[in-house]
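If you want the building blocks of each chain, they are given just below.
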Amino acid sequence: MKYHESTIVVRYAETDQMGIVYHANYLVWMEIGRTDFLESIGLRYFDMEQEGYISPVLDVHISYKQAMKYGQKAIVKTWIKSYDGFRIVYGYEIRQEGGSEIHISGETEHIAVRKADFKPVSTRRAFPAWHEAYLEAMKS
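Everything in this summary refers to the structure shown in the same document. Bear in mind the structure is a predicted one, so any value in this text is a computation, not a measurement.

Some points on the overall build of the protein
For step 1, the next point in the chain: Looking only at helices and strands, the protein has 4 helices and 7 strands in total.
For step 2, the next point in the chain: In the protein, the order of α-helices and β-strands from amino to carboxyl end is β-α-α-β-β-β-β-β-β-α-α.
For step 3, the next point in the chain: A globule of 140 residues ought to have a C-alpha radius of gyration of about 14 Å, and the protein, at 16 Å, matches this closely.
For step 4, the next point in the chain: Summarising its shape, the C-alpha atoms of the protein cover approximately 50 × 35 × 20 Å along the three principal directions.
For step 5, the next point in the chain: For the protein, buried positions account for 41% of its 140 residues.
For step 6, the next point in the chain: Summarising the internal contacts of the protein: among those between residues at least 6 apart in sequence, 67% fall at separations of at least 24.

Here you go:
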């Protein structure tokens, strides 16, 4: 299975008055991890959107284990947890740079839909290159 790691420098604007990262920012970091992961396997959401499709989030799960703080560097590890030709689930682990303890874990579930009417489409049929890249990333 292929994993990709993205580095995030915790910015002051992402924290509360105690210097703790506000919980919703982890969703943004997961999106950064996901788009970086896709680029690492040769795919870009931009290209999908240019063809008239988008990939909305259907479901999100996050487990907050330990807070990240201002001044730290976060490592967002991203991979494909599951894919069936239609739905894709990405997994995430966020830890402090240089540390092994997981601060945040989570997953997001997505499908591809036509931008015009939000009708779901099979990734396998509409985006065969994406389908093959997903399968390859799951076994490497």
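Some words on the side chain of R34
For step 1, the next point in the chain: Locating R34 in the fold gives a position in helix 1 (residues 25–40).
For step 2, the next point in the chain: Within the structure, the side chain of R34 is placed 3.5 Å from the side chain of T108, a separation counted as a polar contact.
For step 3, the next point in the chain: In this structure, R34 is in contact with Y45, V57, T78, Y90, Y92, T108 and H110, ignoring residues within four places of it in sequence.

A short note on the packing of aromatic side chains
For step 1, the next point in the chain: Applying the stated criterion across every chain yields a total of 10 aromatic pairs.
For step 2, the next point in the chain: For the pair W130 and Y134, a centre-to-centre distance of 6.1 Å together with 85° between the ring planes defines the contact as edge-to-face. Here the residue W130 and the residue Y134 both occupy positions in helix 4 (residues 128–139), the gap between them amounting to 4 residues, near one helical turn.
For step 3, the next point in the chain: In this structure W130 comes out as buried when scored by relative accessible area, which is 7%.

Notes on unusual backbone geometry
For step 1, the next point in the chain: For F118, which is not glycine, the phi dihedral falls at a positive 60°.
For step 2, the next point in the chain: With respect to the helices and strands, the residue F118 is situated in the loop between strand 6 (102–114) and strand 7 (120–121).
For step 3, the next point in the chain: A relative accessible area of 48% means that F118 is categorised as partly exposed.

Some words on the nonpolar core
For step 1, the next point in the chain: Counting residues in hydrophobic clusters, the biggest one holds 30 residues, and the most contacted among them are W29, L38, Y90 and Y134.
For step 2, the next point in the chain: Where this core is concerned, the elements lending two or more residues are helix 1, helix 2 (45–50), strand 4 (73–83), strand 5 (87–96), strand 6 and helix 4.
For step 3, the next point in the chain: For this core, the leading source of residues is helix 1, giving 5 residues.
For step 4, the next point in the chain: Setting aside residues up to four positions removed in sequence, L38 forms contacts with L43, Y45, Y90, W130 and Y134.

Conventions adopted
- Residues numbered from 1 in each chain as written.
- Predicted model: local features only at pLDDT ≥ 70, side-chain atom pairs only at ≥ 80, totals over all residues.
- Heavy atoms only, no water.
- Helix = DSSP H or I, 4+ residues; strand = E, 2+ residues; numbered from the N terminus.
- Rg over C-alpha atoms; globule rule 2.2 N^0.38 Å.
- Buried < 20%, exposed > 50% of the residue type's maximum accessible area, 1.4 Å probe, protein only.
- Contact = heavy atoms within 4.5 Å.
- Polar contact = N/O pair within 3.5 Å; in protein donor to acceptor, adjacent residues only side chain to side chain.
- Phe/Tyr/Trp six-rings, centres within 6.5 Å; stacked < 30°, edge-to-face > 60°.
- Core = buried A, V, L, I, M, F, W, Y, C linked by side-chain atoms within 4.5 Å.

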